Every structure is written in structure tokens, then in C-alpha cells.
Amino acid sequence: VKQEFKQSILDALANPNLSGALGRFSVAYRTSRAKAYEGVDFEAVRTQIAEIKSSSASHFDELADSFTRAAEARGTKVFRANSPQAVKDYILRLAQERGVKSIVKSKSMASEEIHLNEHLEKAGIAVRETDLGEWIIQLAGQRPSHMVMPAIHMTKEEVAEVFSDKVEVGQMPDIPKLVKFARGKLRPIFLGADMGISGANIAVADTGSIVIITNEGNGRLVTTLPRIHVAIVGLEKLIEHFADIEPILTALPRSATAQLLTSYVSIISGPVPNTDGTPKELHIILMDNRRNEMAHDPRFKQALQCIRCASCLNVCPVFRLVGGHVFGKVYTGGIGTILTAWFDALKESDEIQSLCIQCGNCK
Amino acid sequence: MNGIIESSLVIDSFKVHAEAVSAQVLRVATRELAMESVADLLHQEGVEDKPDCYAVWAACPMIGPADRKKLEAAVPGLKFDVTRELAAHAKVGISQMDWALANTGTLVQDADQVDKRLVSTLPLLHIALVSTAALLPDLAAVLTRVDPGKSSYLSFITGPSRTADIERVLTIGVHGPERLIIVLVDDLEVAA
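Keep in mind that what you see is a predicted model, and the values were worked out from it rather than measured. (Residues numbered from 1 in each chain as written. Chains lettered and ligands numbered in written order. Predicted model: local features only at pLDDT ≥ 70, side-chain atom pairs only at ≥ 80, totals over all residues. Heavy atoms only, no water.)

(A) Local environment of the overall build of chain A. Helices and strands together make up the secondary structure of chain A, namely 17 helices and 10 strands. Against the 2.2 N^0.38 benchmark of 21 Å for 363 residues, chain A shows a C-alpha radius of gyration of 20 Å, consistent with a compact globule. Taking the principal axes of its C-alpha atoms as reference, chain A extends roughly 55 × 50 × 45 Å. The buried share of chain A, reckoned over its 363 residues, is 60%. Pairs at least 24 apart in sequence give 75% of the contacts found in chain A among residues at least 6 apart. Put simply, chain A shows about 14500 Å² of open surface, and 53% of that area lies on carbon and sulfur atoms. Of the charged side chains in chain A, 42 are positive and 41 negative; the average position of the first set lies 3 Å away from that of the second. (Helix = DSSP H or I, 4+ residues; strand = E, 2+ residues; numbered from the N terminus. Rg over C-alpha atoms; globule rule 2.2 N^0.38 Å. Buried < 20%, exposed > 50% of the residue type's maximum accessible area, 1.4 Å probe, protein only. Contact = heavy atoms within 4.5 Å. Areas by Shrake-Rupley, 256 points an atom, 1.4 Å probe, with all protein chains shown as cover. Lys, Arg positive; Asp, Glu negative; His and termini not counted. Charge placed at Lys NZ, Arg CZ, Asp CG, Glu CD.)

Printed below as a string of C-alpha cells:
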């Protein structure tokens with residue numbers, strides 16, 4: 001293990017905020033998750049999802065073909081990209097051709113995976129994350145430490161400091177006030193944006209639909225207010241049938257945040273009218289970035305069945321101690337180690353996977 | 001008889017689940033009473049014809065032109081021709097939903113029409129009307145009834161907007177409404 005990595009572990013262990021926040025959460029999580037699953041046969045739902053997504057992973061090409069046909073028949077533009085660079089080029093070119101100056105984003109791990117913001121900002125386009133946790137870490141110049149709760153490593157004092165430094169002086173460490181502040185500051189940015197960028201939690205091949213799951217309401221604003229909507233979707237989000245949404249929507253909120261359902265779920269199957277009556281331009285990017293290659297590897301194919309609930313982070317004793325900035329790259333924790341090896345580079349996951357103690361909690 | 005018992009169980013279950021996610025649930029017998037209840041709510045909320053104090057109501061099947069005139073007269077500051085600019089400075093947004101799900105307290109709507117989304121995202125209070133007969137048991141039931149071939153934007157709403165992104169502390173009201181009032185209306189027809 002390299003010295004630098006060792007030091008990052010020691011720093012994390014010595015950070016009382018980090019171990020406090022993650023420790024409290026990992027205790028509360030188990031109880032609330034169990035309560036959310038009351039009356040639901042978890043093993044049955046898990047098996048059903050595993051079957052659906054395993055079958056998808058064996059047919060990425062066919063599913064991407066049907067998705068493209070169904071979505072394009074409705075007037076959606078579908079772009080199939082193999083590499084992160086192709087995705088970035090497509091979005092930048094589109095933004096430039098349409099005179100886009102300001103972009104609002106709802107949370108998208110796929111966009112984190114390809115470091116999209118940096119690319120667009122270099123070209124002079126303003127890009128704002130609007131999920132509260134993502135906005136905080138964007139302002140702080142950090143990366144998400146958790147796939148569902150990107151700023152879980154920060155205290156309210158640190159958030160107040162970031163807001164005071166980067167947005168407006170004098171913010172107090174009072175959580176409801178900090179949330180109201182974010183609403184007030186981001187609202188005019190939503191209303192002024194030319195393009196909205198989102199991810200998708202599910203993509204349905206038969207109908208060309210994408211499913212976007214959020215709690216804050218930013219996903220609905222990102223897909224409603226700007227005249228252009230671009231969704232970046234990893235191939236592993238594809239499922240064949242519309243009815244297959246049900247088991248995933250049953251498990252994802254319960255496992256991710258112990259909710260029966262998130263505040264908002266949007267199922268978008270085609271362009272809708274903009275607020276000025278013009279049709280919205282809807283672009284869906286199906287991104288491979290080695291997912292197909294991974295699907296052909298018998299040992300790693302299973303990891304494509306992941307619905308990204310981040311449960312494996314929440315129950316991991318190592319994650320609990322050091323957090324996602326040490327135990328992970330863009331994707332964090334146990335599943336993050338595997339995804340990093342493919343979507344980023346094998347050598348990047350070398351050190352982080354050495355942290356695993358093989359306890360099997362995440363299984 | 002059995003049907004009546006079942007439906008009262010479904011209504012109770014919806015109420016329990018919606019209230020568990022901080023929504024408020026009312027039930028009225030008729031469409032007329034629903035309009036009266038909304039007018040009362042708007043008065044209680046101090047709705048008036050001033051920026052940031054008025055209410056916007058998205059076009060919906062339950063409100064005809066005559067109802068609209070009556071409501072406009074009863075509640076100064078209630079507006080029906082919803083634009084982006086109007087919705088951005090409204091205090092209250094009102095809309096009719098297509099279905100409700102008992103086991104999660106969820107409202108479901110074909111929201112292709114953009115004003116339906118504007119009134120339920122931008123204002124601080126969202127009042128949602130839904131037919132009691134449109135109550136379904138769960139997600140599986142609604143997924144067989146919606147048609148993604150016809151509806152390009154389906155909205156599922158479960159409680160007001162929320163976050164736990166700072167220190168895992170639940171905070172209600174982020175980018176969407178901070179309050180959701182659901183009015184179940186017994187005599188409304190259900191969309192086919």
C-alpha cells in the first residue's frame with residue numbers, strides 16, 4: 001500500500017466528524033430499512049430483480065436497439081456512445097449548437113463517472129448541480145463520498161462555511177435554514193437554465209421510457225423548465241418490460257433511504273411541450289464505457305445487476321470508518337471497487353479493494 | 001357489502017401512508033364540496049392577488065368554465081391560465097391527479113400538460129384533488145393502467161419534497177413544495 005493512501009486512511013480515522021456521522025447512520029440505517037421492508041418479501045424481490053437484470057446484461061445490444069427504436073418513434077433523439085469522451089463531445093456540441101449558456105443538473109452518477117462538469121465548464125458553460133448534496137460538494141470542489149448521499153461526510157458547520165465562502169457570507173449552521181438558502185439561490189438558476197441534464201435509474205427497452213427517482217423535486221424542475229433535456233444512461237439501467245419497473249421501484253427506495261417510495265418518480269417516454277408551447281428537445285445517451293465487455297466476463301457480469309441503492313456502503317464496517325473518499329473513487333464502497341476497476345481503470349481499484357476485510361456484510 | 005368494507009380499508013391505508021410522509025388528507029363527498037374546501041383552504045392560507053401570495057390552478061377535467069368563474073369570484077388571487085412566470089411567483093398550486101396508491105400514499109398523474117407540473121413543483125403549497133374511486137392498492141396496479149405509449153410524462157408524488165443530505169437530518173421542503181394537501185373526492189369520475 002502506497003504511503004499516500006496510508007496517510008488518507010489515517011486522516012479519515014482521525015476525523016471525528018466523519019466517523020461520528022457514518023457511525024450514527026449505519027446504526028439507524030439497519031432499523032429503518034427493516035421497517036421499510038415490512039410486508040415485503042425481500043428475498044423474492046431481490047431474486048426477481050437479479051433475474052430481470054441478469055437477462056438484460058446478456059442482451060445489452062438487443063435492448064439498446066429496441067430502446068432506440070421505441071424512443072425515436074416518439075421523437076426522442078438517442079445517441080449510443082461507447083466512450084466517456086464521445087458522451088462529453090456530444091453534449092458539448094449540442095450545447096454549443098443550441099446556444100446553451102447555463103445548465104442545471106439533477107444527480108447523475110454516470111455524469112460523475114465521465115467528469116462531465118469539468119468538460120462543459122472549460123468551454124465556458126455554467127453547470128450547476130441542483131441536488132442539495134451534489135451542490136454542496138460542487139461548491140466545495142469535492143467529489144461525492146456516497147452514491148445516494150453525496151455529502152454525508154460533511155457537518156452542518158462545514159456546509160455553512162462552504163455556503164458562506166462560495167455563495168453569500170454569513171450562513172449559520174442551521175439545517176432548515178441551509179436548505180431554505182439552497183432553495184432560494186437555486187430557484188432563479190433553474191428558471192434561467194437552457195439545458196437540463198439528468199441520469200436515469202431505469203430505462204425500459206420496450207417503451208423507450210426512462211425512470212427518474214428523486215426526493216428534493218430538482219429532477220422534476222430539471223426535466224420541466226429548460227427547453228432541452230439530456231439524460232445520460234448507463235447500459236446497465238436497461239430492462240426489457242415496463243412491468244419490470246415495479247420490483248425495482250419496490251426495492252430501490254427501501255434499500256437506499258428506507259422509504260416506501262421517494263417523494264418523486266418521473267417516467268418520461270417522449271418529448272413533452274415546453275412552457276412556451278414549443279416541443280422539448282429530448283436526448284437520451286446510452287453509455288457503454290466497458291459495460292458490454294463487463295457483461296461478457298462471467299465473473300463480473302453479476303455486478304451489472306446492481307440497482308445502486310448503496311446498501312453495501314451502509315453496512316460496510318470499513319466504509320463506516322473511512323468513508324467514500326478513501327474507500328472508493330467515483331463509485332464508492334464494495335460495489336464501487338468493482339465498478340471502478342471497469343469504468344475507470346483496474347489499477348485505480350487496486351488499493352481500495354485491499355481495504356475489504358471479506359466480512360460478507362454486503363452480500 | 002364486501003366492496004364497501006374493502007374500499008374503506010383502502011382509504012384508511014392511503015391516509016395512513018400519505019400522513020406518514022407529512023401529507024395532509026381530507027375527504028369530501030362531492031365535487032361542489034371539493035371546490036368549497038379548496039376555496040376555504042386558500043382563504044386560510046391568506047391567498048390574495050399579489051405577487052407571491054396568489055394561487056394557480058392547472059386545467060383539469062373536474063373544473064368547467066362556469067366553476068372557474070365562480071371560484072375566481074370567490075377567491076381573489078386564484079388564477080387559472082397558468083404560465084411559467086405565474087407559477088414561479090405563486091404561493092399555492094392546485095391540480096387534479098389521476099390515481100392514488102394506498103400502500104405508499106402516492107399520487108399519480110399523466111403530466112404531459114406542463115401546467116400540471118408547474119403548479120406542483122414551483123409553489124410552496126400543493127393542493128392535489130383526486131377521485132376516491134381512483135384509489136388503487138399499489139404500484140403494480142397503476143403500472144398496468146398507465147400507458148407510456150400515450151403519456152410521455154408520468155408523475156408520481158409521495159408527500160412534499162424532502163432531503164436528508166445534511167447530516168442525515170430529514171428536512172421537508174427543498175426544491176418542490178414544503179406542504180402537500182390531498183383532497184379525496186367521492187363523486188368524481190375516474191379517467192378511463
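(B) Fine view of unusual backbone geometry. Residue and element names in this part refer to chain A. Within the chain, A258 stands out as a residue other than glycine whose phi angle is a positive 60 degrees. Looking at the secondary structure, you find A258 in the loop between α12 (245-257) and β9 (264-268). In this structure, Q358 is a non-glycine residue whose phi angle is positive, near 60 degrees. Residue position: Q358 is located in the segment after α17 (346-353).

(C) Focus on the nonpolar core. F67, I210 and I245 of chain A together with F14 of chain B are the most contacted members of the largest nonpolar core, which has 109 residues in total. Take this core: its biggest share by element is 6 residues, from α12 of chain A. Among the nonpolar cores identified, the runner-up in size contains 37 residues, and I175 and A182 of chain A together with A87 and V114 of chain B belong to it. (Core = buried A, V, L, I, M, F, W, Y, C linked by side-chain atoms within 4.5 Å.)

(D) Spotlight on the interface of chain A and chain B. Taken residue by residue, the interface counts 61 residues in chain A and 47 residues in chain B. Both sides of the chain A and chain B interface together cover about 4600 Å² of buried area, and 58% of this is carbon and sulfur. Broken down residue by residue, the surface that chain A buries against chain B is led by R183, E216 and R220 of chain A, which jointly contribute 15%. Applying the counting rule to chain A against chain B returns 2 salt bridges. Here chain A and chain B share 31 residue pairs in polar contact (both at pLDDT 80 or more) between them. Of all the elements in the fold, those that place two or more residues in the side of chain A that touches chain B are α8 (132-140), α9 (156-166), α10 (175-192), α11 (218-224), α12 and β9 of chain A. In terms of residue count, the dominant contributor to the side of chain A that touches chain B is α10 of chain A (11 residues). Along the lines of polarity and charge, the residues of the side of chain A that touches chain B split into 32 nonpolar, 19 polar and 10 charged. Here 5 bridges tie β9 of chain A to strand β9 (residues 153-157) of chain B, and the two strands are oriented antiparallel to one another. Each residue of the ladder has a partner; that of I268 of chain A, found in β9 of chain B, is Y153 of chain B. (Buried area = accessible area lost by both parts, 1.4 Å probe. Salt bridge = Lys/Arg side-chain N within 4 Å of Asp/Glu carboxyl O. Polar contact = N/O pair within 3.5 Å; in protein donor to acceptor, adjacent residues only side chain to side chain. Nonpolar A, V, L, I, M, F, W, Y, C, P; charged D, E, K, R; others polar. Pairing = 2+ DSSP bridges.)

(E) Looking closely at the pattern of salt bridges. All names here are of chain B. Summed over all chains, the structure comprises 26 salt bridges over all chains. In this structure, E48 engages K50 in a salt bridge whose closest nitrogen and oxygen atoms are separated by 3.5 Å. The exposure class of K50 is partly exposed, given its relative accessible area of 45%. Residues K150 and D147 are paired through a salt bridge, measuring 3.8 Å at the closest nitrogen-oxygen approach. You can call K150 exposed: its relative accessible area is 69%.

(F) Examining helix α5 (residues 84-97) of chain A more closely. Residues and elements named next belong to chain A. With 14 residues, α5 should cover 20 Å at 1.5 Å per step; its first-to-last C-alpha distance of 20 Å lies within 8% of that length. The complete set of buried residues in α5 reads V87, K88, Y90, I91, L92, L94 and A95. Where α5 is buried, its residues contact β1 (77-81), α7 (116-122), β4 (195-198), β7 (228-234) and β10 (281-287). A positive backbone phi angle near 65 degrees is found at G99, which sits one or two residues after α5. (Expected span 1.5 Å × (residues − 1).)

(G) Region of the structure containing the environment of A12 of chain A. Along the chain, A12 of chain A falls in helix α1 (residues 3-13). Taking the C-alpha atoms as reference points, A12 of chain A and G323 of chain A, 311 residues apart in sequence, are found 7.4 Å from one another.

(H) Spatial organisation of the packing of α8 of chain A against α9 of chain A. All names here are of chain A. It is at 10 Å that the axes of α8 and α9 come closest, and there the two elements cross at 60 degrees. Classed by the angle they form, the pair α8 and α9 counts as oblique. Where α8 crosses over α9, the handedness of that crossing is left-handed. Here α8 contributes L132, W135, I136, L139 and A140 to the contact with α9, which in turn contributes V159, V162, F163 and K166. A breakdown of the residues in the contact of α8 with α9 according to their chemical character gives 8 nonpolar, no polar and 1 charged. (Axes fitted to C-alpha atoms, helices over the stretch in contact; angles between N-to-C directions. Parallel < 35°, antiparallel > 145°, perpendicular 65-115°, else oblique. Left-handed = near helix turned anticlockwise from the far one by under 90°.)

(I) Expanded view of the sheet that holds strand β4 (residues 92-96) of chain B. All names here are of chain B. What the 6 strands build is an open sheet, ordered β1-β12-β7-β4-β2-β3; its pairing is parallel. Of all the strands in the sheet, the pair left with one neighbour each is β1 (24-28) and β3 (78-79). Sitting on the sheet, helix α2 (residues 31-44) touches β1, β2 (55-57), β3, β4, β7 (125-131) and β12 (179-185), and the angle it makes with β7 is about 170 degrees.

(J) Expanded view of a nonpolar patch on the surface. A grouping of L10, L13 and L321 of chain A is seen on the molecular surface, where their side chains present a nonpolar patch of about 280 Å² in accessible area. Relative to the helices and strands, L13 of chain A resides in helix α1. (Patch = residues over 30% accessible without salt bridge, like charges linked within 9 Å, V, L, I, M, F, W, Y side chains within 5 Å.)

(K) Main features of the packing of aromatic side chains. Counted under the stated rule, the structure contains 8 aromatic pairs over all chains. Taking the centre distance of 5.0 Å and the plane angle of 75 degrees together, the rings of Y37 of chain A and F42 of chain A count as edge-to-face. By relative accessible area, which is 7% here, Y37 of chain A ends up buried. Chaining the aromatic ring pairs together yields one cluster made of W135, F163 and F181 of chain A. Over the aromatic face of Y54 of chain B sits the side chain of K79 of chain B, whose NZ or CZ is 5.0 Å from the ring centroid. Seen from the ring of Y153 of chain B, R117 of chain B lies directly overhead, with NZ or CZ sitting 4.2 Å from the centre. (Phe/Tyr/Trp six-rings, centres within 6.5 Å; stacked < 30°, edge-to-face > 60°. Lys NZ or Arg CZ within 6 Å of the ring centre and 35° of its normal.)

(L) Seen up close, the side chain of T224 of chain A. Looking at the element boundaries, T224 of chain A is found in helix α11. Of note is the side chain of T224 of chain A, whose polar atom sits 2.7 Å from the backbone oxygen of R220 of chain A. When near neighbours in sequence (up to four residues on either side) are disregarded, T224 of chain A contacts N274 and K280 of chain A together with V114, R117, L118 and Y153 of chain B.

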